[in-house]
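Listed below are the residues making up each chain.
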Amino acid sequence: QVQLVESGGGMVQAGGSLRLSCAASGSIFSINTIAWYRQAPGKQRESVATITYGGSTNYADSVKGRFTISRDNAKNTVDLQMTNLKPEDTAVYYCNAHSQMYGLDYWGQGTLVTVSS
C-alpha cells in the first residue's frame, strides 16, 4: 500500500503562484511514476503533470511553461510549482502514484486550488 497526502492548496488571485506538495509513504519502492491530476466542477479529472522515478517529466499543454513538477526521492515528496495561475486552473488537485509492479494506482485526498479573477 501507498499513502499520499497533498498540501499547499488555497486561494490566489490570477497571476499568482502556489506550490503543492505530495508526501508519499508505505511501499514507495513499487512506485514508478507520480502525477498531479485535477478535477474542476462538472469536468472530468485530467492529468496535469507527471514525473518518473528518473526525473522525466510531462505536462498538459494547458500548463506548459507555467507549472513545474519536481520530486525528492530522499524525502519521498513530489511538488507542483504553479505560476501565472488562471481562473481556469481552479480545481481539486490530486496526487497519483502508479505502481507498475502491482498494476495499481494510488490517490491522495485532494487539495483545492481556487484562482480568482
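This text gives an overview of the structure that appears in the document. Just so you know, these numbers come straight off a predicted model, no measurement behind them. Sequence order as written defines residue numbering, which begins from 1 separately in each chain. Side-chain atom pairs in this predicted model are given and counted only at pLDDT of 80 or more, local residue features only at pLDDT of at least 70, and totals for whole chains, interfaces and linings cover all residues. Values reported for side chains reflect all heavy atoms of the structure, with hydrogen atoms and water molecules removed beforehand.

## With respect to the side chain of glutamate 6
Thought 1: Secondary structure is summarised from DSSP: a helix means a run of H or I of at least four residues, a strand means a run of E of at least two, and numbering begins at the N terminus for each. Mapping glutamate 6 onto the fold places it in strand S1 (residues 2-7).
Thought 2: Here's how the labels work: a residue is buried when its accessible area is under 20% of the maximum for its type, exposed when over 50%, partly exposed in between, all with a 1.4 Å probe on protein chains only. When charges are counted, Lys and Arg are positive and Asp and Glu negative, with His and the chain ends excluded. Put simply, a salt bridge is a Lys or Arg side-chain nitrogen that is within 4 Å of an Asp or Glu carboxyl oxygen. Although glutamate 6 lies buried, it forms no salt bridge, and the closest oppositely charged side chain, arginine 45, sits 7.6 Å away as judged by the N-O distance.
Thought 3: Polar contacts, as counted here, are pairs of nitrogen or oxygen atoms within 3.5 Å of one another; within protein the pair requires one atom able to donate a hydrogen and one able to accept it, and residues that are adjacent in sequence qualify only if both atoms are side-chain atoms. Here glutamine 109 takes part through its backbone nitrogen, which lies 3.0 Å from a polar atom of the side chain of glutamate 6.
Thought 4: A polar contact of 2.9 Å, which involves the side chain of glutamate 6, links it to the backbone nitrogen of glycine 110.
Thought 5: Setting aside residues up to four positions removed in sequence, glutamate 6 forms contacts with Ser21, Cys22, Trp36, Tyr93, Tyr94, Cys95, Gly108, Gln109, Gly110 and Thr111. The criterion used for residue contact is that any of the two residues' heavy atoms lie within 4.5 Å.

## Things to note about the pattern of salt bridges
Thought 1: The final tally for this structure, using the stated rule, is five salt bridges.
Thought 2: The shortest N-O distance in the salt bridge between arginine 19 and aspartate 79 comes to 3.2 Å. Here the residue arginine 19 occupies a position in strand S3 (residues 18-26), and aspartate 79 occupies one in strand S8 (residues 77-82), the gap between them amounting to 60 residues.
Thought 3: Since its relative accessible area comes to 41%, arginine 19 is described here as partly exposed.
Thought 4: On the basis of relative accessibility, which here comes to 16%, the residue aspartate 79 falls in the buried class.
Thought 5: Counted as one network, the salt bridges with shared partners bring together Arg38, Glu46, Arg66 and Asp89.

## Let's talk about the packing of aromatic side chains
A ring pair, where both rings are aromatic, is described by two values, the distance of the centres and the angle of the planes.
Thought 1: Here the aromatic set is Phe, Tyr and Trp, taking the six-membered ring for Trp, and pairing holds for ring centres within 6.5 Å; pairs whose planes are under 30 degrees apart are stacked, those over 60 apart are edge-to-face, and all others are tilted. This structure, assessed with the given rule, holds two aromatic pairs.
Thought 2: Ring centres of tyrosine 37 and tryptophan 107 lie 4.9 Å apart, and the angle between their planes is 65°; on these two criteria the pair is classed as edge-to-face. You can see tyrosine 37 sitting in strand S4 (residues 33-39) and its partner tryptophan 107 sitting in strand S10 (residues 104-107), a full 70 residues away along the chain.
Thought 3: For tyrosine 37, a relative accessible area of 22% puts it in the partly exposed group.
Thought 4: Aromatic side chains tyrosine 94 and tryptophan 107 sit 6.4 Å apart centroid to centroid with 85° between the ring planes, which places their arrangement in the edge-to-face category. In this pair, tyrosine 94 sits in strand S9 (residues 91-99) while tryptophan 107 sits in strand S10, placing the two residues 13 residues apart along the sequence.
Thought 5: Overall, the relative accessible area of 36% leaves tryptophan 107 in the partly exposed class.
Thought 6: Pairwise contacts between aromatic rings join Tyr37, Tyr94 and Trp107 into one cluster.
Thought 7: Charge over a ring is defined by NZ of Lys or CZ of Arg lying within 6 Å of the ring centre and within 35 degrees of the ring normal. The residue whose ring lies beneath arginine 45 is tyrosine 94, and the NZ or CZ to ring-centre distance is 3.8 Å.

## Description of the sheet that holds S3
Thought 1: In this analysis, strands are considered paired if DSSP registers two or more bridges between them. Overall, antiparallel pairing links the four strands, which are arranged S1-S3-S8-S7 in an open sheet. For this open sheet the edge positions go to S1 and strand S7 (67-72), each flanked by a neighbour on one side alone. Going across the sheet, the axis of each strand differs from the next one's by a mean of 15°, ignoring polarity.
Thought 2: As paired elements, S1 and S3 share six bridges and run antiparallel to each other. Bridge pairing links glutamate 6 to cysteine 22 in S3. Structural elements are reduced to axes, namely lines fitted to C-alpha atoms, with helices fitted over the stretch in contact, and the angle between N-to-C directions of any two is expressed from 0 to 180 degrees.

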